[in-house]
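Read off the chains here:
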Amino acid sequence: MATKKQDKKDTKVIKEEPVEVKHPEENAGTLEKIETEGYGRFEYRNGTVYEGHWILLNGRKVKNGEGTLIHAGTTSNEAGNEEYRGSWKEDKMDGFGVYRYTSGAIYKGEWVNNKQEGRGVYEFPGGMIYEGEWKDHKMHGEGSFIDKEGNRWEGEFVNGVFQSKMQKQLKLEKLMKRKEEEILANARNFFTKFEQAYANLSLIHI
């Protein structure tokens, strides 16, 4: 969403906190009232812009409700601005939102405490698509993945890695084989000690 460039005289930017852009004449001749929530546009020193709802939290205006945050691109290799449009909770992305990365990737889905968590769709720059469950910014849970050629995989993802049924079966077989080898080793050890004890007992009787 294109934003109208503010005149220099209408914008105050300080080092630590975002400042809401207002025209001086808006409050002329009126007693200033402390607001605890509202809608506004905020600009940061690094070029980031937030426009949306806010609340007053511990004396600071923080993002809360629906809003858009735009990070300006920093290098010529980037596709453009990076932005998030969606829900906020106490200055963090929380709820449903759409994040567009400078690489061209797009995530549409649920957020919890600034992290992709819940259900969502991630469109990779190369045309690949993942749709399913997320946890702690990673594909985690049931989901489907479509590669560049249109091949589709469905199943379980663990910490960003696809776990196919064959992989699960191989892991189970490997685990069972390891257990079997462990049982056989314990059995051999037991019978070796038994034979030694029996041999010693025979020598005593002789």
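Anything mentioned here points back to the structure above.
Residues numbered from 1 in each chain as written. Predicted model: local features only at pLDDT ≥ 70, side-chain atom pairs only at ≥ 80, totals over all residues. Heavy atoms only, no water.

**Student:** Help me understand the nonpolar core in this model?
**Tutor:** Among soluble globular proteins, nonpolar side chains are generally buried collectively. Counting 17 residues, the largest nonpolar core has Y84, W88, M93, W111, Y130 and W134 as the members making the most contacts within it. Counting only elements with at least two residues in this core, the list comes to β3 (49-57), β5 (82-89), β6 (92-100), β7 (106-112), β9 (129-135) and β10 (138-146). With residues near it in sequence (within four places) discarded, Y130 still touches G120, V121, Y122, F124, M139, H140, G141, E142, G143, S144, F145 and F157. (Core = buried A, V, L, I, M, F, W, Y, C linked by side-chain atoms within 4.5 Å. Buried < 20%, exposed > 50% of the residue type's maximum accessible area, 1.4 Å probe, protein only. Helix = DSSP H or I, 4+ residues; strand = E, 2+ residues; numbered from the N terminus. Contact = heavy atoms within 4.5 Å.)

**Student:** Where do I start with the packing of aromatic side chains in this structure?
**Tutor:** Each aromatic ring pair is specified by the distance between its two centres and by the angle formed by the two planes. Within the structure shown, the criterion is met by 16 aromatic pairs. When the centroid spacing of 5.9 Å and the interplanar angle of 40 degrees are considered together, the rings of Y99 and W111 count as tilted. You can see Y99 sitting in strand β6 and its partner W111 sitting in strand β7, a full twelve residues away along the chain. W111 matches Y99 in its accessibility class, with the two residues each being buried. Ring centres of F124 and F145 lie 6.0 Å apart, and the angle between their planes is 65 degrees; on these two criteria the pair is classed as edge-to-face. Highlighted residues: F124 in the loop between β8 (115-123) and β9 and F145 in strand β10, separated in sequence by 21 residues. Relative accessible area serves as the criterion here: at 24%, F124 is assigned to the partly exposed category. Over the ring of Y50 we find K63; its NZ or CZ atom is 5.6 Å from the centre of that ring. (Phe/Tyr/Trp six-rings, centres within 6.5 Å; stacked < 30°, edge-to-face > 60°. Lys NZ or Arg CZ within 6 Å of the ring centre and 35° of its normal.)

**Student:** So what exactly am I meant to see when it comes to the pairing of β6 here?
**Tutor:** Consecutive residues of a regular strand have side chains that alternate between opposite faces of the sheet. Bridging between β5 and β6 involves six bridges; their strand directions are antiparallel. Each bridged residue has a counterpart across the sheet, and for G86 the counterpart in β6 is G97. If you look at the hairpin formed by β5 and β6, you'll find two residues sitting between the two strands, and E90 has a positive phi there, around 50 degrees. Pairing of β6 with β7, which is carried by six bridges, proceeds in the antiparallel orientation. Note that in β7 the partner of G97 across the bridge is G109. What sits between the antiparallel neighbours β6 and β7 is a turn of five residues, in which G104 has the positive phi angle 105 degrees. (Pairing = 2+ DSSP bridges.)

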